[in-house]
Amino acid sequence: MKSTSYWLVFAFASAACFIVSGVPLITIAWQLIGEGAKLIEGTVVPGFDERQAALLANSVRIAGGAAVLSMVLGGASGVALQVLRVPSRGLLLWLLPIPFLIPPYIQALAWMEILGKSGLLARAVDTVFAGQIAIPSLYSPAGAIWVTALAYFPIVAVTTVLGARGLDARYEEAAVLARGPRAALYRIQLPMLAPAIFTGGLIVFLLSVVGFSVPSLLQQSVYPVEIHTQFAAFYDIGAGLWGAVPLLGVGGIATLAWHLYMRRRRGWYSGHAKPAGDSRATRPLRIAAAALCWVLVGTSTVLPLAVLAFRSLPLSSFARAWDTAHEELLTSVIIASIAACVITGLAFLLAYFSRLRLATPFFSAVTLSPLLLSGPALGIALILAWNHAGWRSAVYDSIAIVVLASCARYLFFGFAAVATASRRLDPALFEAASVSGIPWHRQMSGILLPLTLPALVGVWGLSFVLCFGEVDAAVLVTPPGATTLPVRIFGLLHYGPSSLVAALSLLVVLIELAGAGLAVAAYALAIRNVRPRLRIRHARPSLG
Amino acid sequence: MGYRWEIFVVFTALAAVFMAIGCAREDGPEVVAYVSLDELYSRPILDEFEARTGIRVRAQYDIEAAKTTGLVNRILAERGRPRADVFWNNEFAQTIALKKAGVLEAYDSPSRGAIPDGFKDSDMYWTGFAARARVIIYNTELVSEPPGSIRDLLRAEWKGRAAIANPLFGTTATHAAALFAVWGDEDARAFFTGLRANGIAVLPGNATVRDLVARGEYALGLTDTDDANGGVLDGFPVGRVLPAQEGGGLGTLLLPNTVALVRGGPNPEAGRRLIDYLLGPEVELALASSRSIQIPLNPAVEAPESVPELAKIRTMNVDFDSISEQMSSTAVFIREEFLR
């Protein structure tokens, strides 16, 4: 029997989730009901024709390809770091996530300098082979997949590393004893990491399927442009919102498939963490894996950053960048910090209550939907919902509305991460506390909070990075006079001096790196406190 | 365990402090301007207005990456409770669309008199100033004799070597609609079909066209004077040509900035003062002297030599309302046939 206070806090968490994620959804649903009525009258025809189906298929193809390639690259590097424990692992742990901090659009521009029609590689190949051999075109679905995967593979690397840390070490130990280290690696550890790799792959898919900057730059027609067309070419808000529905469907199907896949496999990640030690893998394998990681660092981090650094010369550009955009930088840091705090706090509450039956699929669906709506549709929904006289104007007329937009877009990732971390905890901890008469809120603050603190810190860092780079929805709702840094950069991209844009882009990477570094340092501190407590807990039942 | 609810108190306090900073307002008169001209050029002008009048300008800028979905749709979505006083657009088609949507208010600014009739709304809902023009940009290392007309893009020598921005968005969409208005449906369709057959690349925006021509990815492309000038000033090997300027040619499309008062905005009087200022000769001179080399419409403004002179430019013989009327049908063709 739960106490009244329990249900009050549950109501608070549900209401907060509703305000952040549910309000835009309901607003859109309300608009669509109106549009539906017009459809019946025959005045609006937001049909789904063959052309749109082809665009959606292309989006799914590129996003799916990017997810698969990210799983290959991220999974391999994650295994190299955490399972094989390659040489220079400490440095690689810092370097491999950096591509995620570089906006995909900037990644694409950098790759055009290399693989473009007149890029460095194209010219070199042309010189050496006198035009007899042509390098593969970057302006193709494969090119879009390559660039997107290079921007997002760190997500899979991180989920793989975290998954490997959470794998129950007894399975590996039993396999090593029975069949030896090689079989343990290929027959036990790698298959058991598949769910963690698929989780990262799902995140990459969701981010890619709603994005259009990279495909557009590489001249690939994708579905999100269709939504933009309704807004920008026809000024038809209703049709634009209708256009967002198929993306909701695609993302929903992908997430449902992931849930079904994960249902019987969550128990593998019991969090019975293995003490850090040397890998049992052979030295040649570890060196080969390290080489792969360094090649990845070179192609995904060094290359684009070198292009940016070259473009930002002379160094005085950095002084100009600071003079030009320090106010926007402060605004962005404030918004991203608040949004990251809100996402982390709300994700924690939702994760606690996700232990209730049916709560997890409900919270997942509600928090995922705003991400899949696409930025412009979410922005319009927020305007329609919050731009009203009275108390709502206090939200709409302040940066609170940008915080809401950022939270709405990225709450799903926070919730999914903290819910996964909380599910790994041994239920016996809570059962023992309940039997001892410890009230629910003391269990939450005394057991769940400290044991999920590393995950919460990680969620804060991830949310900070995502919210700092938010543009699509933010540009529609940012209060006048409060421009954010990404909006400023995209503005300058139009015909600002290229050295200034490059310097500002590097500045963005540095700020995001600082935010992520803060989170990583806090994570290291938190995990140090948590690890001993995880080790002493009782064993859980076996697989399946 | 050292971790308790205190951590949430710290988070909440942090959020409250940041929120307070973010929500802090300054007292005094203000005007809210939605500005689609790039901040790089518009902000100094708004700062100068602030300094002269003491009216604080709270500006919201659009970005090309948002495919111009930003401010126009925001004004439409906010129509129940408008937050903007003034819409400063860097072209005219969207402003006319807003006029048709009934979200603008007529204003007969005293500064309108100096602007030629063809560049302002006869119903006084909007007024144009400081124009850009469509140009052919070419890479000087790849092209020795640039084409003189956009029809030349259909020639075999440019197959797979030319680029335009997506004609569904921005000034390229306006240019496409203008061609439909001037040439008629059949000719314009044939032109775009020919472009497609000649392997023209469709890029996300005019700035991308400039960048990729500058890098030699494409030999030439269509863009605006301001984009092209940015490439020249940044030292890239690019040149620009105003299309169809020779005798009997079609001429190029001029794209004036437009400014309009938003109906029901919170500070209408300050909005009117801002419009009066923007339509003055000093603003046109400032925009002409900037990197964007915008062409003054007020004949009294003496622009720097690098700026094309309005009187010497052969412009397309079409009025802005006709172009605006063509926008939707052109977009349907572009979306369903040209970009298919």
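Residues numbered from 1 in each chain as written. Chains lettered and ligands numbered in written order. Predicted model: local features only at pLDDT ≥ 70, side-chain atom pairs only at ≥ 80, totals over all residues. Heavy atoms only, no water.

## Overview of the overall build of chain B
For chain B, the helix and strand inventory stands at 11 helices and 10 strands. A buried classification covers 58% of the 340 residues belonging to chain B. Taking contacts inside chain B between residues at least 6 apart in sequence as the whole, the part at least 24 apart equals 76%. When the accessible surface of chain B is split by element, carbon and sulfur atoms take 51% of a total near 12,800 Å². (Helix = DSSP H or I, 4+ residues; strand = E, 2+ residues; numbered from the N terminus. Buried < 20%, exposed > 50% of the residue type's maximum accessible area, 1.4 Å probe, protein only. Contact = heavy atoms within 4.5 Å. Areas by Shrake-Rupley, 256 points an atom, 1.4 Å probe, with all protein chains shown as cover.)

## Concerning the side chain of B:Thr223
All names here are of chain B. Of note, Thr-223 is situated in strand S8 (residues 220–224). A polar contact is formed between the side chain of Thr-223 and the backbone oxygen of Asn-206, at a distance of 3.3 Å. Separated by 3.2 Å, the side chains of Thr-223 and Asp-227 make a polar contact. For Thr-223, the contacting residues outside a window of four places in its chain are Ala-133, Arg-134, Val-135, Ile-137, Asn-206, Val-209 and Ala-228. (Polar contact = N/O pair within 3.5 Å; in protein donor to acceptor, adjacent residues only side chain to side chain.)

## Thoughts on the nonpolar core
B:Phe129 and B:Phe192 are the most contacted members of the largest nonpolar core, which has 286 residues in total. With 19 residues, the top contributor of residues to this core is helix H13 (residues 316–353) of chain A. Not counting the four nearest positions on each side in its chain, B:Phe129 is found in contact with B:Trp88, B:Ile115, B:Pro256, B:Asn257, B:Thr258, B:Val259, B:Leu278, B:Leu279, B:Val283, B:Glu284, B:Leu287 and B:Leu297. With 6 residues, the next largest nonpolar core counts A:Ile106, A:Leu308, A:Ala502 and A:Val509 among its residues. (Core = buried A, V, L, I, M, F, W, Y, C linked by side-chain atoms within 4.5 Å.)

## Examining the packing of helix H5 (residues 170–183) of chain B against helix H6 (residues 185–197) of chain B
Residues and elements named next belong to chain B. Close contact between H5 and H6 brings their axes to 6 Å; oriented N to C, the two are set at 135°. It follows that H5 is oblique to H6 by the angle criterion. Between H5 and H6 lies a crossing of right-handed hand. Contact with H5, carried on its side by Ala-176, Leu-179, Phe-180 and Trp-183, involves Asp-185, Asp-187, Ala-188, Arg-189, Phe-191 and Phe-192 of H6 and no other residues of that element. Residue composition of the contact of H5 with H6, by class: 7 nonpolar, no polar and 3 charged. (Axes fitted to C-alpha atoms, helices over the stretch in contact; angles between N-to-C directions. Parallel < 35°, antiparallel > 145°, perpendicular 65-115°, else oblique. Left-handed = near helix turned anticlockwise from the far one by under 90°. Nonpolar A, V, L, I, M, F, W, Y, C, P; charged D, E, K, R; others polar.)

## Topic: the confidence of the model for chain A
The predicted structure's coordinates, where accompanied by low pLDDT, should not be read in detail. In this model, chain A carries an average pLDDT of 81, and 89% of its residues clear a pLDDT of 70 or more. The low-confidence segment residues 536–544 of chain A, where pLDDT is below 50, has 19 contacts with residues more than four positions distant or belonging to other chains. (pLDDT = per-residue confidence, 0-100.)

## Thoughts on the pattern of salt bridges
Residue and element names in this part refer to chain B. All told, the structure shown has 26 salt bridges over all chains when counted by the stated rule. Between Arg-74 and Glu-78 there is a salt bridge, and its shortest N-O distance comes to 3.1 Å. Here Arg-74 matches Glu-78 in class, with each residue buried. Where Glu-157 meets Arg-155, a salt bridge forms, and the shortest distance between an N and an O atom there is 2.4 Å. (Salt bridge = Lys/Arg side-chain N within 4 Å of Asp/Glu carboxyl O.)

## Description of a nonpolar patch on the surface
Taken together, A:Phe18, A:Ile19 and A:Ile26 make up a surface patch of nonpolar side chains, about 260 Å² in accessible area. Using a relative accessible area of 36% as the deciding quantity, one classes A:Ile19 as partly exposed. (Patch = residues over 30% accessible without salt bridge, like charges linked within 9 Å, V, L, I, M, F, W, Y side chains within 5 Å.)

## Looking at the environment of A:Ser77
All names here are of chain A. Turning to its location among the elements, Ser-77 is positioned in helix H2 (residues 50–82). C-alpha separation for the pair Ser-77 and Thr-160, spaced 83 residues apart in sequence, amounts to 8.5 Å. Those residues within four positions of Ser-77 in sequence are excluded, and the remaining contacts are Leu-96, Phe-153, Ala-157, Cys-293 and Leu-296.

## Remarks on the pairing of strand S1 (residues 30–35) of chain B
Residue and element names in this part refer to chain B. Where burial is concerned, most of S1 is hidden: 6 out of the 6 residues are buried. By the alternation rule, side chains of S1 split into Glu-30, Val-32 and Tyr-34 and Val-31, Ala-33 and Val-35, which are all buried. The sheet contact formed by S1 and strand S2 (residues 56–61) spans 6 bridges and is parallel. Paired with Ala-33 across the bridge in S2 is Ala-59. Direction of pairing for S1 relative to strand S3 (residues 86–89): parallel, over a ladder of 3 bridges. Counterpart to Ala-33 in the pairing with S3 is Val-86. (Pairing = 2+ DSSP bridges.)

## Quick look at helix H8 (residues 181–210) of chain A
All names here are of chain A. Along its 30 residues, H8 runs 42 Å from first to last C-alpha, staying within 8% of the 44 Å computed at 1.5 Å per residue. Of all the bends found along H8, the most pronounced is centred on Ala-194 and spans about 35°, while Pro-195, a proline, follows it within four residues. Most of H8 is tucked away: 21 of the 30 residues are buried. (Expected span 1.5 Å × (residues − 1). Bend = angle between axes of the 7 residues up to and from the residue.)

## A look at the pairing of strand S5 (residues 127–139) of chain B
Residue and element names in this part refer to chain B. Counted residue by residue, S5 has 13 buried out of 13 residues, so it is predominantly covered. The pairing of S5 with strand S10 (residues 254–262) spans 6 bridges and is classified as antiparallel. Paired with Arg-132 across the bridge in S10 is Leu-255. Alignment of S5 against strand S9 (residues 238–241), held across 4 bridges, turns out to be antiparallel. Opposite Tyr-138, over in S9, you have Gly-239 as the bridge partner.

## Concerning the packing of aromatic side chains
For the coordinates displayed, the defined rule picks out 29 aromatic pairs over all chains. Taking 5.1 Å as the distance between ring centres and 70° as the angle between the ring planes, the aromatic pair formed by A:Phe10 and A:Phe353 counts as edge-to-face. Here A:Phe10, found in helix H1 (residues 4–41), pairs with A:Phe353, found in helix H13; they are 343 residues apart in sequence, far enough to count as distant. Taking the relative accessible area as the measure of exposure, A:Phe10 reaches 22% and is therefore partly exposed. Ring centres 6.1 Å apart and planes at 20° place the aromatic pair B:Phe180 and B:Phe192 in the stacked group. One end of the pair, B:Phe180, is in helix H5; the other, B:Phe192, is in helix H6, with 12 residues separating them in the sequence. The two residues B:Phe180 and B:Phe192 agree in class, both being buried. Every member of this aromatic cluster is reached through a ring pair, and the members are A:Tyr6, A:Trp7, A:Phe10, A:Tyr352, A:Phe353 and A:Trp440. (Phe/Tyr/Trp six-rings, centres within 6.5 Å; stacked < 30°, edge-to-face > 60°.)

## Observations regarding the packing of helix H4 (residues 104–115) of chain A against helix H6 (residues 141–166) of chain A
Residues and elements named next belong to chain A. Where H4 contacts H6, the axes come no closer than 9 Å and their chain directions differ by 130°. The angle between H4 and H6 falls in the class oblique. Judged by the sense of rotation from one axis to the other, the crossing of H4 with H6 is right-handed. Residues Pro-104, Gln-107, Ala-108, Trp-111 and Leu-115 of H4 form the contact with H6, whose own contacting residues are Trp-146, Val-147, Leu-150, Ala-151 and Tyr-152. Grouping the amino acids of the contact of H4 with H6 by side-chain chemistry returns 9 nonpolar, 1 polar and no charged.

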